[in-house]
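Coordinates in review
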Amino acid sequence: MTRGLILGALLLLYALVVVPFTTYMRQRPVALKLGYTPAGEALRLVASDQRYLLAQLAVDRVLFYFGSLFTKDGHRVSTPPEYFNMFATMQSALKLDPYNMDAYYFTEAAFTWELKRIREVNNMLDYGMKYRTWDAQLPFYAGFNAAYFSKDYRTASLYMQKAAELSGNPLYTTLASRYFYEAGQSALGITFLRAMEQSAKDAKVKKIYQVRRKALEGITVISDALNRFREARHTLPPDLKTLVREGFLSRIPEDPYGGTFYLDSKGKVVSSSKLAGKQ
Amino acid sequence: MDVFRATVVMTFRWILRDRVLHAILAVALLMILLVPALSTFSMRQVQELSITLSLSAISFVLLMVTVLLGASSVWRDIERRYLASVLTLPISRTVFLLGRFCGIACFIALCGVVLGAAAAVIISVSSAQYPSDIPIHWDKIGLALLADIAKYIMLASVGIFFSTVSTSFYFPFFASIGIYLAGSGSQEVYEYVSGQFGKEMGSVSVALFKAVYYLIPNFAAFDLKVPAIYGVPVLPAGLGLTFSYAVLYCAILLCVSSYTFSRRQFP
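Rules behind the numbers
Residues numbered from 1 in each chain as written. Chains lettered and ligands numbered in written order. Predicted model: local features only at pLDDT ≥ 70, side-chain atom pairs only at ≥ 80, totals over all residues. Heavy atoms only, no water. Helix = DSSP H or I, 4+ residues; strand = E, 2+ residues; numbered from the N terminus. Buried < 20%, exposed > 50% of the residue type's maximum accessible area, 1.4 Å probe, protein only. Contact = heavy atoms within 4.5 Å. Areas by Shrake-Rupley, 256 points an atom, 1.4 Å probe, with all protein chains shown as cover. Rg over C-alpha atoms; globule rule 2.2 N^0.38 Å. UniProt positions renumbered as here; feature names shortened; annotations may be inferred. Phe/Tyr/Trp six-rings, centres within 6.5 Å; stacked < 30°, edge-to-face > 60°. Lys NZ or Arg CZ within 6 Å of the ring centre and 35° of its normal. Buried area = accessible area lost by both parts, 1.4 Å probe. Salt bridge = Lys/Arg side-chain N within 4 Å of Asp/Glu carboxyl O. Polar contact = N/O pair within 3.5 Å; in protein donor to acceptor, adjacent residues only side chain to side chain. Nonpolar A, V, L, I, M, F, W, Y, C, P; charged D, E, K, R; others polar. Core = buried A, V, L, I, M, F, W, Y, C linked by side-chain atoms within 4.5 Å.

Looking at the overall build of chain A
Across its full length, chain A holds 12 helices and 2 strands. Among the 279 residues that make up chain A, the fraction classed as buried is 44%. Within chain A, contacts between residues separated by at least 24 positions form 54% of all contacts whose residues are at least 6 apart in sequence. Total accessible area on chain A is roughly 15600 Å²; 59% of this is exposed by carbon and sulfur atoms.

Some words on the overall build of chain B
Tallying secondary structure elements over chain B gives 12 helices and 0 strands in all. Computed over the C-alpha atoms, the radius of gyration of chain B is 20 Å, within 12% of the 18 Å expected from 2.2 N^0.38 for a compact globule of 267 residues. Principal axes of the C-alpha set define a box for chain B whose edges measure 60 × 50 × 30 Å. Within chain B, contacts between residues separated by at least 24 positions form 82% of all contacts whose residues are at least 6 apart in sequence. Carbon and sulfur atoms form 71% of the exposed surface of chain B, whose accessible area is close to 12700 Å².

Overview of the UniProt feature "transmembrane region" (unreviewed entry) in chain B
Residue and element names in this part refer to chain B. Here, UniProt's "transmembrane region" (unreviewed entry) annotation points to residues 20–41, 53–75, 95–123, 169–190, 202–222 and 242–261. Strand forms 0% of residues 20–41 and helix 86%; the C-alpha atoms that close the span are 31 Å apart. For residues 53–75, helix accounts for 100% and strand for 0%, while the C-alpha atoms at its two ends are 33 Å apart.

Quick word on the packing of aromatic side chains
When we look at a pair of aromatic rings, we describe it by the centre distance and by the angle of the planes. Applying the stated rule across the entire model yields 29 aromatic pairs over all chains. Each ring, one from A:Tyr99 and one from A:Tyr131, has its centre 5.6 Å from the other, and the planes form 75°; the classification is edge-to-face. With A:Tyr99 in the loop between helix H4 (83–96) and helix H5 (101–111) and A:Tyr131 in helix H6 (residues 118–131), the pair connects residues that are 32 residues apart, well separated along the chain. Measuring from centroid to centroid gives 5.4 Å for B:Phe161 and B:Phe162, while their planes differ by 55°, and the two rings are tilted. Given the relative accessible area of 15%, B:Phe162 is considered buried. These aromatic residues form a ring-pair network of at least three members: A:Tyr99, A:Tyr127, A:Tyr131, A:Trp134 and B:Tyr230. The lysine or arginine in question, A:Lys268, covers the ring of A:Tyr181, its NZ or CZ lying 4.9 Å from the ring centre. One Lys or Arg, B:Arg100, reaches over the ring of B:Trp14 and ends 5.1 Å from the middle of that ring.

Concerning the interface of chain A and chain B
Where the parts come together, the accessible area they lose is often given as the size of the interface. Residue-level contacts link 24 residues of chain A with 26 residues of chain B. In total, about 2200 Å² of surface goes out of reach between chain A and chain B, with carbon and sulfur atoms giving 60% of it. On the chain A side of the interface with chain B, the three residues burying the most area are A:Leu45, A:Asp49 and A:Tyr52, jointly 27% of the side's total. The salt bridge partner of B:Asp223 is A:Arg51, with a shortest N-O separation of 3.9 Å. Linking chain A to chain B there are 12 residue pairs in polar contact (both at pLDDT 80 or more). Of all the secondary-structure elements, those providing two or more residues to the side of chain A that touches chain B are helix H2 (40–47), helix H3 (51–68), H5 and helix H7 (137–149) of chain A. Counting residues per element, the side of chain A that touches chain B draws most heavily on H3(A), which supplies 7 residues. Among the residues forming the side of chain A that touches chain B, the class breakdown is 12 nonpolar, 5 polar and 7 charged.

Some points on the nonpolar core
Nonpolar side chains in soluble globular proteins generally cluster together in the buried interior. B:Phe107, B:Ile108 and B:Leu155 are the most contacted members of the largest nonpolar core, which has 77 residues in total. Aside from chain neighbours lying at most four places away, what touches B:Ile108 is B:Leu62, B:Thr66, B:Ile149, B:Tyr152, B:Ile153 and B:Ala156.

Observations concerning the environment of B:Ala6
Looking at the secondary structure, you find B:Ala6 in helix H1 (residues 2–16). Spatially, the C-alpha atom of B:Ala6 lies 40 Å from that of B:Ser50, the residues being 44 residues apart in sequence.

This is the structure we're talking about:
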């Protein structure tokens, strides 16, 4: 009898608690707290051979947290994200497992477009390149960041060159040579393209490199004539035909992409094809 | 030799009948079965994550098995007064201890092989669903398993050593876990104190750290998970040294254990 009364009272109390508890759970903030992750160096000491698992758990925690920042229709919730904590967690994860591709991929996706932390992201990618020595993705990301966000074409071209050498992918080669050109390093771009052309096995890929190299060679010939003109006359010619007419250039090279070379307002040799023609 | 073989077989059978170990192995198989589902949490490396999870689960289970067996074997024999009756037979304490150790080592190896075979099936399933750019390096996965087995056999010898000097189950149990953690991090600490940080420390402290480094087992050398997961090359010379180190460390520790066990008074 007494036991039944106690049980009844407990069930009543449970009913009283469970209703507000369910309401609280339903109304709690969407964004979860990311929490604190100890420094990777400290974790390595205690994680033993489970550090790869711990690294993945840290990455997944950031992913779940990041996912909770968005509503189902793709809008961001009003809670300010813990970006610094997210980055620190990724750094810790990479100290535990410097090979973890998820961490690099997420860092590239989350910290460039919205936060523009290009230098920090590229530092992390540089760190990853020391370990994932076979992977063309990391230099590709770093090259893209340097070119697109920082407008540092010289650095971008070097990253793309690395990506192209690692993968043999013509896209990376094209991007590398484009960035060499944008950085005013056409001669370097030509040397690089020639090496890629020689090592390419596929005839179509070889042709792509060849066309790109010829375009850069044409630009180099015109740029050299332009420099000689500038030294002799201390001014820029009004157009490229002037270079031919006054004997600085035998003829204007053809753009293999089907466009026409001309001088832009800053005195830079460009093409109407933008070196991305019908190829 | 027959007495030794009989002790090994008896130890092995005794372990096979242990229900706690049955439960641990069942949980391990369940963990491995969950690997394909858990691997899909990865954005870019499902295959790599399936190998990571499988090897981590195996390593964790082997740690549990090793610590329980290493710490409990001698203690259980004393508690159940089994040892008192065995030692009345014409069998030396050293042979008995070595038999116990070899039985435990055989069981650890068997666990590693069985769980490794289950993991191989699961890894194949995961990687077939989401193929990776990196091929599966079965040879390196096998090597990582072998290194794990060697590591836990070393830890078993540590557990047996502690159980020969203690009357309690808890001391060898927690001491083995402590040595496991210290041995896993000792290489990092050694490199840390050997670098710039060590110059700022007192020479006595550095010498102390280095002495501990040489005294406790270096488990970092047996962590071949990165080559297994990402296909990073392994140096054959380093492997030879690592396995030689394991054999010698176990042999020395068993000699010391045999000495302390032979001098011990039993109730």
